[in-house]
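Working through the structure, step by step
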Amino acid sequence: NYIVPRFYCYNNPLESLKNSPSVVSYDFCAYFTLIKSLEGGPKCVGDKYNVDYCPELVTLKGLAKKVGSFSAKNCKNLKRLEAENTIVKGSFCIVGAKNLKSLIGCPKKIGGDLSFSLNHLAMLDELPKVGGDILCHASKDFKIPKEGFVLSNNNPKLQFMYPLFKQEGRIYNFFNLQKIMQWLQLILALSILVVIHELGHFCFARLFKVRVEKFYM
C-alpha cells in the first residue's frame, strides 16, 4: 500500500493491475494494456481514472471506490460494468464498447455527466443518480426506460426518435432542442420586424389619405 500523485502506463503488455498504488492523488491512466479487469488497482483516484484502448478489458470489476472521473474508450470487449460501489465525483464515460448491452453495475452516484457512445445498449435497466446530463447511443432493439434520458440522433442503428423526456425537471430533445429554439426565435423576430415595417407603410398611407384597400403582406 502506497500513495503516489500520478500513475501512467502506456503501450505496455500489462495483464493485471496488482501491486498498483492504493491511492493516486491525481491521475491514474492505463492505455494500450492487456488487463481484463480493474482488480488490484487503486482504491481511490483523486482526478482522472482512464483505461482507454484496452482490447482485453471485459469488466470494470475492481474499479476504485472513489474517483474524480472515469473513462474507458475503445475497449471493444467490455461486456460488464460491475462498478456499482464506485462513487464518481465527475463524469463517467464509456465509448466504443460494442459488446456492452446493459447498464447493470453502473456506479449508483455520478456527480457529472453520464455518457455511453458507440455501444449496443439494449436497455437502461439501472439508471444511476446523475448530477449532469445523460447522453446515450442505443441499438435498434432498445427498450424505452421509465426514467428520462437523452439519446444522440446520429447513430445509424437508432431506429426511433421520441421527442421529449424529462428528468429532474429538465427537458431534453433528440433533435437538439436548443438549436430548434434558436431558429424559432429568429423566425419570430423577423416576422415581427416585417409586420411592423409593412404596418408603418399602411398607417402613413392612411394618415396622408392615400387610397389603401387593405393591409396585405
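As the structure is a computational prediction, the values presented were derived from the model and not from experiment. (Residues numbered from 1 in each chain as written. Predicted model: local features only at pLDDT ≥ 70, side-chain atom pairs only at ≥ 80, totals over all residues. Heavy atoms only, no water.)

1. Let's talk about the nonpolar core
- In this structure, Y49, F70, F92 and F116 are the most contacted members of the largest nonpolar core, which totals 36 residues.
- If you list the elements that add at least two residues to this core, you get β4 (28–31), β5 (44–50), β6 (66–73), β8 (92–95), β10 (114–117) and β12 (134–136).
- A total of 3 residues in this core trace back to one element, the largest contributor, which is β6.
- Each residue touching F70, except ones within four places of it in the same chain, is listed here: L38, Y49, V51, L60, L63, V88, S91, F92, C93 and I94. (Core = buried A, V, L, I, M, F, W, Y, C linked by side-chain atoms within 4.5 Å. Buried < 20%, exposed > 50% of the residue type's maximum accessible area, 1.4 Å probe, protein only. Helix = DSSP H or I, 4+ residues; strand = E, 2+ residues; numbered from the N terminus. Contact = heavy atoms within 4.5 Å.)

2. Topic: the side chain of S37
- As for its position among the elements, S37 is in the loop between β4 and β5.
- A residue is classified by how much of its surface remains accessible, and S37, at 16% relative accessible area, is buried.
- If we ignore the near neighbours within four places in the chain, the residues touching S37 are L17, L57, T59 and K61.

3. What about the pairing of β4?
- Residues F28 and A30 of β4 are buried on one face, and the alternating residues C29 and Y31, pointing to the opposite face, are buried as well.
- Sheet analysis places strand β2 (residues 7–10) next to β4, joined by 4 bridges and oriented parallel. Residue pairing for β4: Y10 is matched across the bridge by Y31. (Pairing = 2+ DSSP bridges.)

4. Remarks on the packing of aromatic side chains
- Counted by the stated rule, this structure contains 8 aromatic pairs.
- Here the aromatic rings of Y8 and Y10 are separated by 6.0 Å at their centres, their planes lie at 10°, and the arrangement is stacked.
- Exposure remark for Y8: the relative accessible area of 40% places this residue in the partly exposed category.
- Here F28 and Y49 contribute two aromatic rings whose centre-to-centre distance is 4.9 Å and whose plane-to-plane angle is 45°, an arrangement assigned as tilted. With F28 in strand β4 and Y49 in strand β5, this residue pair connects regions lying 21 residues apart in the sequence.
- Among the aromatic side chains, those forming a connected cluster through ring pairs are F7, F28, Y49, F70, F92 and F116.
- In this structure, R6 is placed above the aromatic ring of Y26, and the distance from its NZ or CZ to the ring centre is 4.6 Å. (Phe/Tyr/Trp six-rings, centres within 6.5 Å; stacked < 30°, edge-to-face > 60°. Lys NZ or Arg CZ within 6 Å of the ring centre and 35° of its normal.)

5. Some points on unusual backbone geometry
- Not every positive phi belongs to a glycine, and F32 is a case in point at roughly 55°.
- With respect to the helices and strands, F32 occurs in the loop between β4 and β5.
- Phi is positive for N74, close to 60°, though the residue is something other than glycine.
- Along the polypeptide, N74 turns up in the loop between β6 and β7 (87–88).

6. Details of a nonpolar patch on the surface
- A cluster of nonpolar side chains, namely I180, M181, L184 and I187, defines an oily patch on the protein surface of about 350 Å² accessible area.
- Checked against the element boundaries, I187 lands in helix α1 (residues 177–207). (Patch = residues over 30% accessible without salt bridge, like charges linked within 9 Å, V, L, I, M, F, W, Y side chains within 5 Å. Areas by Shrake-Rupley, 256 points an atom, 1.4 Å probe, with all protein chains shown as cover. Salt bridge = Lys/Arg side-chain N within 4 Å of Asp/Glu carboxyl O.)

7. A look at the state of the cysteines
- Applying the stated criterion across every chain, the model contains 0 disulfides.
- No disulfide involves C9; its nearest neighbouring cysteine sulfur is the one of C54, lying 8.6 Å away.
- Of the residues examined, C9 reaches a relative accessible area of 8% and is grouped as buried.
- In this structure C54 is not part of a disulfide, and its nearest cysteine sulfur, from C75, lies 4.9 Å away.
- For C54, a relative accessible area of 0% gives the class buried. (Disulfide = S-S within 2.5 Å.)

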